[in-house]
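# Survey of secondary and tertiary structure
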Amino acid sequence: MAIKIVVNGQDLEVSVSPMKRLLDVLRQDCYLTGTKEGCGEGECGACSVLVDGEVINSCLVPVCQVEGSEIVTVEGLAENGKLVPVQEAFIKYGAAQCGICIPGMLMAAQALLDSKELSKQTPTRYEIREAIAGNLCRCTGYMKIVDAIEAAALSTLEKK
Amino acid sequence: MNKFEYVNASSVKSATEQLQSDGSVRIKAGGIDILDELKERTINPKRLVNIKTVGGLKEIKEVKDSLHIGTLVTLSELASNKQVKTLFPALAEAALGAATPQIRNVATIGGNICQRPRCWYYRSEEFSCLKKGGNECHAHLGDNRFHAIFGNDKCAMVHPSATAVALVALQAKLKIEDTKGHRIVEIDNFFVKPEENAKAENILKPTEIITEVILAKPAVGSRNFYIKLKEKQSFDWPMADVAVAMEMAGGVCKAARVVLGAAAPVPWRAVAVEKALVGKKVDASVAEEVSRLAIEGAKPMSHNGYKLKVFETIVARALSVVASGDFSSKEGF
């Protein structure tokens, strides 16, 4: 079945089984291997991507369900090689250890920074923890991840 | 996963027309629970009808003195909707506490109410339990640490839906449609105990779809809230949860609904607590006193006796929060 999706701003048509997981379509058919598979059942958030601006688990969504949607993966965050604030902050704060959770963490963090309620104020640490509640870091490196998101939120707000 | 047909429905009519009374055609909304069921082979449908493509089911509308919540409204939308948060904090909290942000952005209210049990014996291919046509509940002699303490004689599952707990407290109504038309069902009559039908958790027929959840706006002086206790602070299924809706005049309780989740195969009303509250000026000490009635009639099994104390505690907390009207200090529950 031919399915049209927009991935990182690019119109694509993929010819796959309609029940193929969005995760597998991104990795195998779009060659975007930044999105990782952890548990495959919605527990770990390593496969998080944005669909029409909302963060979802791409392992729980068959591709037919997102036909016509705009999908952003970790590869689509930076523009022309320029990293977005949340990526810059993850580097600056050393928020990555083994790294497998980081693409998902970045997408969950970006969704938080994009949310309307936070356009006027930075999120509290509690709100940041809630926003990444669906993302597990098996190195348990959460403190630096929260620090990085807090710093990214601050620098994003200062630019507005 | 076995092979099946996948069809996008354009309307409720086109969806219901495809449904079969033998259950071989299944509805898919957010697809969170049904994907699990397909992978675990607890169901083998010949066709899946996607209703995400049906218009008009994604809105939260105000109609006279009621709020009509379309069946496709996601848990995220419920948790952030201003009217839901103001009028029905119990429902907003229950939706916010369920699963992860990623799942809440996809999972729908209709699907959440209709989830199948999370019981590990039900979900495992290795066990044939009552729900799957077998002749015993393996939780009775097995690992039942998260299972029911009420109504567990036949099947000891706990109902998996947190929003259902809030909706029972709020006396919601459900609009259910099939090819012949629609019916409105009070949520008290929606869920069924295993004694009535061990293979289903509700009265929904294989040919029907829930299209709306209807909530009457609470009377003046009414307050409601929901508290969930889980093993870890981050996302988890509830060990125990409770929703309270109380109508008060001058601090005195006129009527109350106290509903326990993760306690029984259906959202379980603590009727003794509800009765004891009427006519009382509710404060922290009254809350603690009546909360002991929450476990009246409980029959804990080998591994879940801890739930008795847990339910007493969270009922007392929820009643105190509702009576004081201070919903701000929920962090840490």
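Now for a description of the structure that goes with this document.

Conventions used here
- Along each chain, numbering runs from 1 in the same order as the chain's sequence is written.
- Note on labels: chains are lettered from A, ligands numbered from 1, in written order.
- In keeping with the predicted nature of the model, local features appear solely for residues at pLDDT of at least 70, side-chain atom pairs appear and are counted solely at 80 or more, and the whole-chain, interface and lining totals rest on all residues.
- Hydrogen atoms and water are omitted, and side-chain values are computed over all heavy atoms in the structure.
- The numbering of helices and of strands both runs from the N terminus, where a helix is a DSSP run of H or I of at least 4 residues and a strand a run of E of at least 2.
- Whether two residues are in contact is decided by their heavy atoms: any pair within 4.5 Å suffices.
- Only the protein chains shown count as cover for residues, and all accessible areas are computed by the Shrake-Rupley method using a 1.4 Å probe.
- Charge assignment: positive for Lys and Arg, negative for Asp and Glu; neither His nor the chain ends contribute.
- Just so you know, the charge point we use is NZ for Lys, CZ for Arg, CG for Asp and CD for Glu.
- Take the buried Ala, Val, Leu, Ile, Met, Phe, Trp, Tyr and Cys residues and link them wherever side-chain atoms come within 4.5 Å; each set so joined is a nonpolar core.
- Exposed residues in this analysis have more than 50% of their type's maximum accessible area, buried residues have under 20%, and partly exposed residues fall in between, with area computed by a 1.4 Å probe over protein chains only.
- DSSP bridges decide pairing: two strands pair if at least two such bridges lie between them.
- Axis geometry follows a simple rule: fit a line to the C-alpha atoms, using only the stretch in contact for helices, then measure angles between N-to-C directions, giving values from 0 to 180 degrees.

### As for the overall build of chain A
Secondary structure summary: chain A contains five helices and five strands in total. Shown N-terminal to C-terminal, the secondary structure of chain A runs as helices and strands in the order β-β-α-β-β-β-α-α-α-α. The principal-axis extents of the C-alpha atoms in chain A amount to approximately 45 × 35 × 25 Å. Put simply, 58% of the contacts in chain A that link residues at least 6 apart link residues at least 24 apart. Accessible area of chain A: about 7,700 Å², with a carbon and sulfur share of 50%. Treating the 15 positive side-chain charges of chain A as one cloud and the 21 negative ones as another, the clouds have centres 6 Å apart.

### Side note on the nonpolar core
I71 of chain A together with L78, L91, L167 and F190 of chain B are the most contacted members of the largest nonpolar core, which has 73 residues in total. The dominant element in this core, judged by the number of residues it contributes, is helix α9 (residues 162–169) of chain B, at seven residues. Setting aside chain neighbours within four positions, we find I71 of chain A in contact with I5, V6, V7, N8, L22, L26, V49, L50, V51 and V66 of chain A.

### A few points about the sheet that holds strand β11 (residues 252–261) of chain B
Residue and element names in this part refer to chain B. If you walk across this open sheet you meet the four strands as β9-β10-β11-β12, and the pairing is antiparallel. Strands at the two margins of the open sheet, each flanked by one partner only, are β9 (222–229) and β12 (268–269). Of the pairings in the sheet, the one linking β11 to β12 comprises two bridges and is antiparallel in character. Note on β12: the bridge partner recorded for L260 is W268.

### Here we look at the sheet that holds strand β6 (residues 173–178) of chain B
All names here are of chain B. One open sheet holds the five strands; their spatial order is β4-β5-β8-β6-β7, and the pairing between them is antiparallel. A single partner strand is all that each edge strand has here, and the edge strands are β4 (60–63) and β7 (181–186). Across the sheet, the mean angle separating the axes of adjacent strands is 25° when strand polarity is ignored.

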